[in-house]
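Breakdown of the fold
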Amino acid sequence: MWSPTHINVTVHRARNLLCKGKSGTNDCYATMQFGKDKYHTSIKEKVKDPEWQEECDFVLSEQLSLLKIVVYHRNLLGIDEFLGHLSIPLDQFQLYERPRSRQVLLLAFFAETRITASLLLI
């Protein structure tokens, strides 16, 4: 019986992110992690709602079933600032399901305020 060997993830965009830059914008990038494999999108500079349109492939493993995505604001001096995170369990997808876009929510917690922003994936 055939079974998939890879997953393909496309990060389209993020919306309604908290702005961390001095000019009221962000220099955003997203990291995607599946097990030990990690992918970083390009940095979109001085934007409020970044659009990446970037994809990556991860090798599937029977032990791994969680895709983690974190969005950051790049700081030229110091540590990059957290904007939101997301964990997607792969068991919510059907094995033979046709690829389709899903809008999912990033979760971020800042001083007891819950901020949500949407991140569109395929």
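First things first, this report covers the structure right here in the doc. (Residues numbered from 1 in each chain as written. Predicted model: local features only at pLDDT ≥ 70, side-chain atom pairs only at ≥ 80, totals over all residues. Heavy atoms only, no water.)

1. A closer look at the side chain of His-12
Counting through the fold element by element, His-12 comes out in strand β1 (residues 6-14). A distance of 2.8 Å separates the side chain of His-12 from the side chain of Gln-53, its partner in a polar contact. (Helix = DSSP H or I, 4+ residues; strand = E, 2+ residues; numbered from the N terminus. Polar contact = N/O pair within 3.5 Å; in protein donor to acceptor, adjacent residues only side chain to side chain.)

2. A word on the environment of Asp-80
Looking at where Asp-80 falls in the secondary structure, it is placed in the loop between β6 (66-73) and β7 (81-89). Separated by 53 residues in sequence, Asp-80 and Asp-27 place their C-alpha atoms 9.7 Å apart. When residues no more than four places from it in sequence are discounted, the contact partners of Asp-80 are Tyr-29, Tyr-72, His-73, Arg-74 and Asn-75. Looking at Asp-80, its side chain comes within polar contact range of the side chain of Tyr-29, at 2.6 Å. At 3.0 Å, the side chain of Asp-80 forms a polar contact with the backbone nitrogen of Asn-75. (Contact = heavy atoms within 4.5 Å.)

3. Overview of the packing of aromatic side chains
Aromatic rings considered in pairs are described by the distance between their centres and by the relative angle of their planes. In total, this model carries two aromatic pairs according to the counting rule given. Note on Phe-34 and Phe-58: the rings are 6.0 Å apart at their centroids and 45 degrees apart in plane angle, and the pair reads as tilted. Here the residue Phe-34 occupies a position in strand β2 (residues 26-34), and Phe-58 occupies one in strand β5 (residues 51-59), the gap between them amounting to 24 residues. Judged by its relative accessible area of 3%, Phe-58 falls in the buried class. (Phe/Tyr/Trp six-rings, centres within 6.5 Å; stacked < 30°, edge-to-face > 60°. Buried < 20%, exposed > 50% of the residue type's maximum accessible area, 1.4 Å probe, protein only.)

4. Quick word on the state of the cysteines
Simply put, the disulfide is a covalent bond whose two ends are the sulfur atoms of two cysteines. A complete count under the given rule lists zero disulfides for this structure. This cysteine, Cys-28, is not joined by any disulfide, and Cys-19 carries the nearest cysteine sulfur, 7.9 Å off. (Disulfide = S-S within 2.5 Å.)

5. Remarks on unusual backbone geometry
Backbone geometry places Lys-46, a non-glycine residue, at a positive phi of 50 degrees. The exposure class of Lys-46 is exposed, given its relative accessible area of 64%. For Gln-53, which is not a glycine, the phi torsion comes out positive at approximately 55 degrees. Among the secondary structure elements, Gln-53 is positioned in strand β5. Its relative accessible area of 47% is what places Gln-53 among the partly exposed residues.

6. Thoughts on the nonpolar core
Val-9, Met-32, Trp-52, Phe-58 and Leu-67 are the most contacted members of the largest nonpolar core, which has 19 residues in total. Residue assignment for this core shows that the elements contributing at least two residues are β1, β2, β5, β6 and β7. In contact with Met-32, other than residues within four places in its own chain, are Val-9, Val-11, Asp-37, Lys-38, Tyr-39, Thr-41, Cys-56, Phe-58, Leu-67, Lys-68 and Ile-69. (Core = buried A, V, L, I, M, F, W, Y, C linked by side-chain atoms within 4.5 Å.)

7. Points about the pattern of salt bridges
Scanning the model with the defined rule gives four salt bridges in all. In this structure, Arg-74 engages Glu-45 in a salt bridge whose closest nitrogen and oxygen atoms are separated by 2.9 Å. Residue Arg-74 is found in the loop between β6 and β7, and its partner Glu-45 is found in strand β4 (residues 44-47); the two are separated by 29 residues along the sequence. Taken together, the shared-partner salt bridges connect Asp-27, Glu-45 and Arg-74 into one network. (Salt bridge = Lys/Arg side-chain N within 4 Å of Asp/Glu carboxyl O.)

8. Some words on the side chain of Thr-31
If you trace the backbone, Thr-31 turns up in strand β2. Leaving out residues up to four positions away in the same chain, Thr-31 has contacts with Lys-38, Tyr-39, His-40, Lys-68, Ile-69, Val-70 and Tyr-72.

Distances and angles like these do not, on their own, reveal function.
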